[in-house]
Amino acid sequence: MEHQVMEISKALLDAFKEACASTSPSTIVIPKGTFEMAQVKLQGPCKAPLELQVQATLKANADPKQLSADIEWLTVNYIDRFTLSGGGIFDGQGKAAWSQNNCKDSKSCGNLPNNLSFNFLTNSTIQDITSQDSKLFHVNVNGCKNLTFIRVNITAPPESINTDGIHVARSSNVNITDCVIGTGDDCISIGDELEQLHITRVTCGPGHGISVGSLGKTPGEKPVVGVYVKNCTFINTDNGVRVKTWPASHQGVVTDLHYEDIIVQNVTNPIVIDQVYCPYNQCNKDLPSQVKISKVSIKNVRGTSRTQDAVLLLCSKGVPCEGVEIGDIDIAYNGKEGPAKSRCENVKPTFVGKQNPPVCAGAQSA
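This one's a predicted model, so the numbers in the text were calculated from it and none came from an experiment. (Residues numbered from 1 in each chain as written. Predicted model: local features only at pLDDT ≥ 70, side-chain atom pairs only at ≥ 80, totals over all residues. Heavy atoms only, no water.)

**Student:** Help me understand the layout of surface pockets in this model?
**Tutor:** Vacant regions in the atomic arrangement are exposed by a probe of water-molecule size rolled over the atoms. Its boundaries defined by the atoms lining it, the largest pocket holds a volume of some 1300 Å³. Residue lining of the largest pocket: 45 residues in total, with N162, D185, S214, K244 and Y277 positioned closest to the centre. Here the residues of the lining of the largest pocket are counted per class, giving 16 nonpolar, 16 polar and 13 charged. If you trace the second largest pocket, you find it lined by E7, E36, M37, A38, Q39, K59, A60, N61, A62, Q66, L67 and Q93. Along the lines of polarity and charge, the residues of the lining of the second largest pocket split into five nonpolar, four polar and three charged. (1 Å grid on protein atoms, 1.4 Å probe; cavity = no way out; pocket = protein on both sides within 12 Å on 5 of 7 lines; lining within 4 Å. Points joined across faces, edges and corners; volume = space filled by probe spheres on them. Nonpolar A, V, L, I, M, F, W, Y, C, P; charged D, E, K, R; others polar.)

Next comes the structure, spelled out in structure tokens:
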């Protein structure tokens, strides 16, 4: 006889309703064990701080057809001083869904729930949890202020298409610290209207790296200001640190990006600014990107590249990059074609320290 797994969404909603109405701080505990959970939305505002402690392994319905595309698997909205903790696992059971995610072939790509969605949270912390095999993004962050991720583990195989680890947009003062992220898309992706994102001691791989963008596709995007990536390691990823904007784009601003103390191990493109980002050739590459990139510093990046292109700074001919500073770079490539190299367009960096390979050879030193 098959063992029936308990479904907990109603119990969680009932407990949340009570906790949210309490005027003193409260904790909801989902104890150890394996439980199924349907799509759940926990919506504040609440009257006092609230902690959701997940010690269990929670499983989403494996059949994408059984899930509504209009709601994420677990959504938490409009709470001040919310904490998600407990060491538990959110298993999105995404394997059957990934074949629908290929935007090159499928018109319905992206019509799946993200594992975790945090919207309009303030002064909140997500810590000591694991997101596994999400159907779409593992974590989506929108409209949050003062939100910290610490010791969050994200895991899915390289073939899990469009499963960004943490996507952050329209938020300010977000910290992502001591996390291990391996998935089939960007480990961390950064959308528009973002101020002050600090990413520290994150290990990324497999995945597409830590990416600002893609930006410029929709009109009225607000600036990205202040992204700090420090002490991070990329292992077997497609990119390390990357900024991507569309050609023939709407106007936009990306400024104050700082990358420091980065290790790359067998990374296809360790350092990339790509202002002609055009997947599946769905755009006019002859018209330049109108997204202005400025005040970028890249310091102390070392390790190995999987291709000759260790450093790609391909800026827009319409609005060239400004204020790009390159510090010590030491990236080796050991393939048959020859040593590692760099390519630069529409950018005149300043240099501090040594660069191997030489970056934008012939450019000015500071």
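Now that the structure has been shown, we can carry on.
**Student:** Where do I start with the UniProt feature "active site" (unreviewed entry) in the protein in this structure?
**Tutor:** Under the present numbering, the feature "active site" (unreviewed entry) in UniProt falls on H208. In this fold, H208 is placed in the loop between β20 (203–204) and β21 (210–215). (UniProt positions renumbered as here; feature names shortened; annotations may be inferred. Helix = DSSP H or I, 4+ residues; strand = E, 2+ residues; numbered from the N terminus.)

**Student:** What should I look at first to understand the pattern of salt bridges in this one?
**Tutor:** Opposite charge on two side chains lets them pair, provided their charged atoms get close. One pass over the full model with this rule turns up 13 salt bridges. D128 serves as the salt-bridge partner of R151, at 2.6 Å between the closest nitrogen and oxygen. With R151 in the loop between β13 (145–150) and β14 (153–155) and D128 in the loop between β10 (122–127) and β11 (130–132), the pair connects residues that are 23 residues apart, well separated along the chain. R151 sits in the partly exposed class, given a relative accessible area of 42%. One salt bridge connects K222 with E193, and the closest N-O pair in it is separated by 3.9 Å. A residue pair is termed long-range when its members are at least 10 positions apart, and K222 in the loop between β21 and β22 (224–235) and E193 in the loop between β18 (188–190) and β19 (194–200) qualify at 29 residues. By sharing partners, the salt bridges in this structure join D186, R242 and K244 into a single network. (Salt bridge = Lys/Arg side-chain N within 4 Å of Asp/Glu carboxyl O. Buried < 20%, exposed > 50% of the residue type's maximum accessible area, 1.4 Å probe, protein only.)

**Student:** Help me understand the pairing of strand β3 (residues 40–43), please; the structure alone is not making it clear to me.
**Tutor:** A regular strand places its side chains on the two faces of the sheet in alternate fashion. Here β3 shows a clear split, with V40 and L42 buried on one side and none of K41 and Q43 buried on the other. Strand direction decides the pairing type here: β3 and strand β6 (residues 74–77), joined by four bridges, are parallel. Bridge pairing in β6 places K41 opposite T75. (Pairing = 2+ DSSP bridges.)

**Student:** Explain the sheet that holds strand β9 (residues 116–119) here, please?
**Tutor:** The strands that make up a sheet are held in pairs by hydrogen bonds between backbone atoms, and each pair lies either parallel or antiparallel. Taken together, the eleven strands give an open sheet; going across it, the order is β3-β6-β9-β12-β15-β18-β21-β23-β25-β27-β30, and neighbouring strands pair in parallel fashion. Both edges of this open sheet fall to β3 and β30 (341–345), since each of them pairs with a single strand only. Sheet twist, expressed as the mean angle between neighbouring strand axes with direction ignored, is 15°. (Axes fitted to C-alpha atoms, helices over the stretch in contact; angles between N-to-C directions.)

**Student:** Please explain the pairing of strand β12 (residues 139–142) as it appears in this structure.
**Tutor:** Of the two faces of β12, the one carrying V139 and V141 and the one carrying N140 and N142 are both buried. Of the pairings in the sheet, the one linking β9 to β12 comprises four bridges and is parallel in character. Residue pairing in the sheet places S117 in a bridge with N140 of β12. For β12 and strand β15 (residues 166–169), the ladder comprises four bridges, and the chain directions are parallel. The residue of β15 that forms the bridge with V141 is V168.

**Student:** Would you take a moment to explain the nonpolar core for this structure?
**Tutor:** Among soluble globular proteins, nonpolar side chains are generally buried collectively. Ranked by internal contacts, the top residues of the largest apolar core, which has 89 residues, are L58, F82, F118, F149, I176, I190 and I199. Per-element accounting of this core gives the leading share, six residues, to strand β24 (residues 251–267). Look past the residues within four positions of I199 in its chain and what remains in contact with it is I176, I188, I190, I210, Y228, V229, K230 and C232. (Core = buried A, V, L, I, M, F, W, Y, C linked by side-chain atoms within 4.5 Å. Contact = heavy atoms within 4.5 Å.)

**Student:** What exactly am I supposed to notice about the packing of aromatic side chains here?
**Tutor:** Aromatic ring pairs: the centre-centre distance and the angle between the two ring planes describe each pair. Per the stated rule, a full pass over the model turns up four aromatic pairs. Ring centres of W246 and Y277 lie 5.4 Å apart, and the angle between their planes is 80°; this geometry places the pair in the edge-to-face category. Highlighted residues: W246 in the loop between β23 (239–245) and β24 and Y277 in the loop between β25 (269–274) and β26 (290–305), separated in sequence by 31 residues. (Phe/Tyr/Trp six-rings, centres within 6.5 Å; stacked < 30°, edge-to-face > 60°.)

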